[in-house]
Structures are given as structure tokens and as C-alpha cells.
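Chain and residue survey
In case you want the letters, here they are:
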Amino acid sequence: GWDEAKAYKDMAADVTNFYKNHNTTKNRICTPRTSKYLNWRYLKKPDKEYKCYKILKEKELAGYFILKNYLGKKCQIIDFLVTNNSDVYNTIINKSIEFATENKLTEISLWTPKDISFYTHLKKIGFEERKMETYFIIKKLNRAPDPYIENFKNFVNKIPNLKILSNSNERTILKLWEGLGSYR
């Protein structure tokens, strides 16, 4: 049967092995969820308090999840990696409800991809999507060579000093100067 989710003060090597065997985010940008990372990120942070849980079935690891009391209002499921099983999902939700009740929190929230079965399970049991007020802001970088810079480099390579400039033909100088005018 399912054991209750158990809180841990140290995420051992079994979590690293579980991550290697159950990670389905291979095509997403994701920090590897090794025991070393999880211990550093969630258990060795003196300024934040996280509750780390492992889910065991007959002493076999079926997943982990991390809870946080966010501003005394929300129980946040900060991180999770679990087997695709509704009993495992219910264990996370039941422990989150217990955590929220103990801390007088009024909401349970998490970020999750829509293309996993846990998301579908959450929707079936009454979780709802919220429109977020957070926006990602990006700047596209132009990696194409800038003709102005290329022309300037060419000019400096051909005429590297004043002596060469003074001895150069005016037509050559003007041809090399094309595209470098002060109108930029």
C-alpha cells in the first residue's frame, strides 16, 4: 500500500536515481533535480523554510515534492517529480491540504506544464488556472554582422595610422570611408 508522504531533512541518492529514471522534461530547460541540488536549494537555505517530502510505496520511492508557506496566505507546491499515478497525485494534494490547514493558509498553488497528467488530475479535482500578472520580457539580439562595424574594421586594417593616411590616395580613402559617415 501507499505510505504517507514523509518529510525529510536530507534528500539522499535515491532522489537522484529517481530523477534520472523519471524525468520527462528532457526537452525543456530544467536544472537536474539531483539530491545535491535539492539539498542545496531547499534544505540548506537559512532564510527560507521549505518542507520536503518523499512519497514511498512499499518502501520504494514514487516521487518527491516541496511545499512552502508563501506570505502566510498560500501553500505553494514549489517543486515535484512523481510517477504518473493518481494515488501519488492525491498524496501530494492531501499533504498540501494538511500543510495549509496547519499553517492557516487559504490556497494551494503551483506552476505546472499543461501537457502532463498531473495537470489534468488537478483540473478534475477543482484546481483552476489563474491569469498571471507576471510577464516575460525579452530582447532579441541581432547576431548578424553590423555593416558599419565591418566597414570600420576594414578601414582601420587598411589605414592603421596617420602616416599611412597622409600617404594614401584621396580616392582610396573616400572609398574605404563609404558607409562610415557622421550621419549614423
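Structure's up top.
Now for a look at the structure at hand. Within any chain, residue numbers begin from 1 and follow the written order of that chain's sequence. Given that the model is predicted, a residue must reach a pLDDT of at least 70 before its local features are reported, and side-chain atom pairs must reach 80 or more before they are shown or counted; all residues, however, enter totals for whole chains, interfaces and linings. In computing side-chain values, all of the structure's heavy atoms are included and hydrogens and water are not.

**Quick look at the packing of helix H3 (residues 86-102) against helix H4 (residues 117-124)**
Following both chains from N to C, one finds H3 and H4 inclined at 60 degrees, their axes separated by 10 Å at the closest point. When the axes of H3 and H4 are compared, the pair comes out oblique. Crossing of H3 over H4 shows right-handed handedness. Touching Ser86, Tyr89, Asn90, Ile92 and Ile93 of H3 are Ser117, Phe118, His121 and Leu122, all from H4. Partitioned by chemical class, the residues of the contact of H3 with H4 number five nonpolar, four polar and no charged. Axis angles are defined between N-to-C directions and span 0 to 180 degrees, where every axis is a line fitted to C-alpha atoms and, for a helix, only to the segment in contact. For helices the rule is a DSSP run of H or I covering at least 4 residues; for strands it is a run of E covering at least 2, with both sets numbered from the N terminus onward. Here is the rule for angles: anything less than 35 degrees is roughly parallel, anything more than 145 is roughly antiparallel, 65 through 115 is roughly perpendicular, and the remaining ranges are oblique. It is the rotation of the near helix from the far one that decides the hand of a crossing: anticlockwise by less than a right angle makes it left-handed, clockwise makes it right-handed. We call two residues in contact when some of their heavy atoms are within 4.5 Å. For this classification, Asp, Glu, Lys and Arg are treated as charged, while Ala, Val, Leu, Ile, Met, Phe, Trp, Tyr, Cys and Pro are nonpolar and the rest, including Gly, are polar.

**Remarks on H3**
Each helix should span, by expectation, one fewer than its residue count multiplied by 1.5 Å. Taking 1.5 Å as the rise per residue, H3 with 17 residues should run 24 Å; its terminal C-alpha atoms sit 24 Å apart, in good agreement. Buried within H3 we find Val88, Tyr89, Thr91, Ile92, Ile93, Lys95, Ser96, Phe99 and Ala100. If you follow the buried residues of H3, they end up packed against strand E2 (50-57), strand E3 (60-70), strand E4 (74-82), strand E5 (107-110) and H4. With a side-chain oxygen lying 2.7 Å from the backbone nitrogen of aspartate 87, the N-terminal cap of H3 falls on asparagine 85. Backbone geometry just downstream of H3 places lysine 104 in the positive-phi region, at approximately 55 degrees. Type-normalised accessible area, obtained with a 1.4 Å probe on protein chains alone, sets the label of each residue: buried when under 20%, exposed when over 50%, and partly exposed for intermediate values. Between N or O atoms, a polar contact is any pair within 3.5 Å; within protein, one atom must be a potential hydrogen donor and the other a potential acceptor, and residues adjacent in sequence are included only when both atoms are from side chains.

**A few points about the nonpolar core**
By size, the foremost hydrophobic cluster in this structure holds 22 residues, and its most contacted members are Ile55, Phe65, Leu67, Cys75, Ile92 and Phe118. Elements with a contribution of two residues or more to this core: E2, E3, E4, H3 and H4. Element by element, the count of residues in this core is highest for H3, at six residues. When residues no more than four places from it in sequence are discounted, the contact partners of isoleucine 92 are Ile55, Phe65, Ile77, Val82 and Phe118. In plain words, nonpolar cores are sets of buried Ala, Val, Leu, Ile, Met, Phe, Trp, Tyr and Cys residues tied together by side-chain atoms within 4.5 Å.

**Here we look at the pattern of salt bridges**
What counts as a salt bridge is simple: a side-chain nitrogen of Lys or Arg found within 4 Å of a carboxyl oxygen of Asp or Glu. Summed over the entire model, instances satisfying the criterion amount to six salt bridges. Here lysine 74 ties to glutamate 107 by a salt bridge, and the two come within 3.8 Å at their closest N and O atoms. Of this pair, lysine 74 sits in strand E4 while glutamate 107 sits in strand E5, and the two are 33 residues apart along the sequence. Assessed through its relative accessible area of 27%, lysine 74 is described here as partly exposed. Several salt bridges share partner residues, and in doing so they unite Lys74, Glu107, Glu128 and Arg130 into one network.

**Notes on the packing of helix H5 (residues 147-158) against helix H7 (residues 170-177)**
Across the interface, H5 lies against H7 with an axial gap of 9 Å and an inter-helix angle of 150 degrees. With respect to each other, H5 and H7 are oriented roughly antiparallel. Side by side, H5 and H7 meet where Asn154, Phe155 and Lys158 of the first sit next to Ile173, Leu176 and Trp177 of the second. A breakdown of the residues in the contact of H5 with H7 according to their chemical character gives four nonpolar, one polar and one charged.

**Description of the pairing of E5**
Strand pairing is assigned whenever DSSP detects at least two bridges linking the two strands. Sheet topology places E4 next to E5; four bridges connect them, and they run parallel. Considered in E5, the bridge of cysteine 75 is made with isoleucine 108. Seen with its strands pointing away from the viewer, a crossover is right-handed when the path leading from the first strand over the helix to the second is clockwise. Handedness of the β-α-β unit built from E4, H3 and E5 comes out right-handed.

Without other data, these values stay purely geometric and don't point to any function.
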